[in-house]
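Here are the chains, one letter per residue:
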Amino acid sequence: MAFSADFSTVADREAAVLAPYAMFSRDSRGRRHAEPSHPYRGPFQRDRDRIVHSAAYRRLSGKMQVFTGDMGDYHRTRLTHTYEVASIARTMARALRLNEDLVEALALFHDIGHPPFGHAGEDALNELLAEDGGFSHNRHALAIAEELENRYPDFPGLNLTREVLDGQVVRADKRAAAAAGDAPLLEVQIVDLADSITYDAHDTDDAVQLGLVDIDSLCQLPLVQDAARRARARHSPLSPKMLRTGIVHELIDIQVGDLLQHSGRQLIAGDFPSAAAACASNFRLGPSDSLRGPKRDLEAFLYANVYRHPRLVAVRTRAQERLRHMFEGYQRRPELLPASFQQRAANRGLRRTVGDYLAGMTDRFCDEQFHLHFAGEG
Ligand code: MG
């Protein structure tokens with residue numbers, strides 16, 4: 001397609017704004033199925049758009065992050081979590097002059113493989129599929145991207161760039177990635193860091209709003225204490241609600257500021273001439289030594305007092321029982337699977353296919369199908 005030379009190209013924009021160590025579109029290793037380039041969107045913009053238009057992405061709105069839908073309407077869903085990750089990752093990427101298009105695609109993609117009922121669902125599927133290689137939401141994202149989405153006549157899946165898929169491979173096996181001599185792309189690292197910055201802050205917010213923990217006990221933690229002090233320094237006195245939201249803002253700001261001030265400065269000082277050079281020198285972005293401990297303490301507190309709160313353990317137990325029941329049930333009655341999954345079972349085996357089908361469900365659809373087909377089987 002002829003396109004007016006008056007418009008800026010992706011290459012022009014990247015040349016103007018990206019640092020040398022960023023991942024440039026022109027250096028992309030391309031897609032499994034070759035495609036002509038687009039007249040005005042770069043490869044990572046196309047990845048982002050494909051992800052946003054996928055069914056799996058939209059279903060994130062019906063998947064819980066930490067708290068189920070019946071606990072209220074305030075807290076994060078897997079979709080709003082994803083969007084918070086994308087915006088924090090973009091903020092950091094922009095400050096460091098990394099490729100925001102790639103960062104956005106990676107962030108919007110990072111949790112796309114989550115099954116219903118969060119980590120409870122993931123743990124149940126992992127156990128049920130233990131003999132078949134197990135289940136991880138990070139690996140399932142790759143199956144969605146390469147096989148399960150069916151939207152384009154020319155190829156199965158989304159045919160994303162190698163950079164987005166490889167970024168997800170790093171997420172799927174962090175230990176192997178850490179042991180590898182080369183660091184992942186800086187854009188991949190930024191999204192991973194943004195994920196933990198985001199959930200540390202928003203899980204704190206949601207847990208207090210739901211009354212699972214209180215601000216006073218959280219303020220025993222140095223990181224939250226620091227956030228509260230900063231919130232009060234801006235505005236005093238603060239209502240309990242404004243203190244809570246102030247703490248959340250400060251938790252994000254402290255962590256993002258720390259990353260840019262310490263790790264970000266080291267990156268800039270490293271003066272890497274290319275993305276490949278930064279990877280080859282095994283450069284890792286991360287929290288400073290002084291933040292690492294307080295951050296770990298907050299995460300340990302959230303684990304013990306929120307993720308293992310009796311209200312959540314009850315949800316977890318119920319979800320896992322249902323998934324076990326449905327996993328067996330669909331194997332006994334494969335005719336209940338949609339036609340596309342029945343076909344898939346012929347190649348991939350029934351057990352894995354049932355796992356893939358269950359993993360794609362929203363929380364609500366999972367509950368609905370359980371009641372429709374299996375609840376009476378007790
Ligand atoms: Mg996440």
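For the structure itself, consult the block above.
In this text, all values refer to a predicted model and were calculated from it rather than measured experimentally.

Helices and strands together make up the secondary structure of the protein chain, namely 19 helices and 0 strands. In summary, the protein chain has a C-alpha radius of gyration of 22 Å against a globular reference of 21 Å for 378 residues, a match within 12%. On the principal axes, the C-alpha backbone points of the protein chain span a range of 60 × 60 × 40 Å. Counting across all 378 residues of the protein chain, residues that qualify as buried make up 52%. Once local pairs closer than 6 in sequence are excluded, the contacts in the protein chain between residues at least 24 apart make up 74%. Carbon together with sulfur atoms contributes 51% to the accessible area of the protein chain, which is approximately 17700 Å² in total.

Turning to the packing of helix 5 (residues 100–109) against helix 10 (residues 186–209), a few remarks are in order. Think of two packed helices as two axes; the pair is described by the angle between the axes and how far apart they sit. Relative to each other, helix 5 and helix 10 sit at 45°, their axes nearing to 9 Å. As far as their axial angle goes, helix 10 and helix 5 are oblique. Once helix 5 is placed against helix 10, the crossing between them reads as right-handed. Note on element contacts: helix 10 touches helix 5 through Glu187, Val188, Ile190 and Val191, opposite Leu102, Val103, Leu106 and Ala107. Here the contact of helix 5 with helix 10 is composed, by residue class, of 7 nonpolar, no polar and 1 charged.

Before going further, it helps to spend a moment on the coordination of the magnesium ion. Within the protein, the magnesium ion binds to His81 (NE2), His110 (NE2), Asp111 (OD) and Asp195 (OD); these donor distances fall in the range 2.2 to 2.5 Å. Written as a sequence motif, the donor residues of the magnesium ion are H-x28-H-D-x83-D.

Further remarks concern the packing of aromatic side chains. Applying the stated criterion across every chain yields a total of 6 aromatic pairs. Measuring from ring centre to ring centre gives 5.0 Å for Tyr330 and Phe374, while their planes differ by 75°; the resulting arrangement is edge-to-face. Linking Tyr330 in helix 16 (residues 310–332) with Phe374 in helix 19 (residues 363–374), this pair joins segments that are 44 residues apart in sequence. A relative accessible area of 0% places Tyr330 in the buried class. Ring pairs connect the aromatic residues Tyr330, Phe341, Tyr357 and Phe374, which therefore count as one cluster.

Next up on the list: the nonpolar core. Counting residues in each nonpolar core, the largest one holds 52 residues, and the members touching the most others are Tyr21 and Ile190. Dropping the residues within four chain positions of it, Tyr21 is found in contact with Leu96, Leu98, Leu186, Leu267, Ile268, Phe272, Ser274, Ala275 and Ala278. Phe67, Leu218, Ile254 and Leu312 belong to the second-largest nonpolar core, a separate cluster that totals 28 residues.

A word on the environment of Val52. Within the fold, Val52 resides in helix 2 (residues 43–52). Sequence-distant contacts of Val52, defined by excluding residues within four places in its chain, comprise Tyr57, Arg58 and Leu108.

Calculation notes
- Residues numbered from 1 in each chain as written.
- Predicted model: local features only at pLDDT ≥ 70, side-chain atom pairs only at ≥ 80, totals over all residues.
- Heavy atoms only, no water.
- Helix = DSSP H or I, 4+ residues; strand = E, 2+ residues; numbered from the N terminus.
- Rg over C-alpha atoms; globule rule 2.2 N^0.38 Å.
- Buried < 20%, exposed > 50% of the residue type's maximum accessible area, 1.4 Å probe, protein only.
- Contact = heavy atoms within 4.5 Å.
- Areas by Shrake-Rupley, 256 points an atom, 1.4 Å probe, with all protein chains shown as cover.
- Axes fitted to C-alpha atoms, helices over the stretch in contact; angles between N-to-C directions.
- Parallel < 35°, antiparallel > 145°, perpendicular 65-115°, else oblique.
- Left-handed = near helix turned anticlockwise from the far one by under 90°.
- Nonpolar A, V, L, I, M, F, W, Y, C, P; charged D, E, K, R; others polar.
- Donors = N, O, S within 2.8 Å, 3.2 Å for Na, K, Ca; no water.
- Phe/Tyr/Trp six-rings, centres within 6.5 Å; stacked < 30°, edge-to-face > 60°.
- Core = buried A, V, L, I, M, F, W, Y, C linked by side-chain atoms within 4.5 Å.

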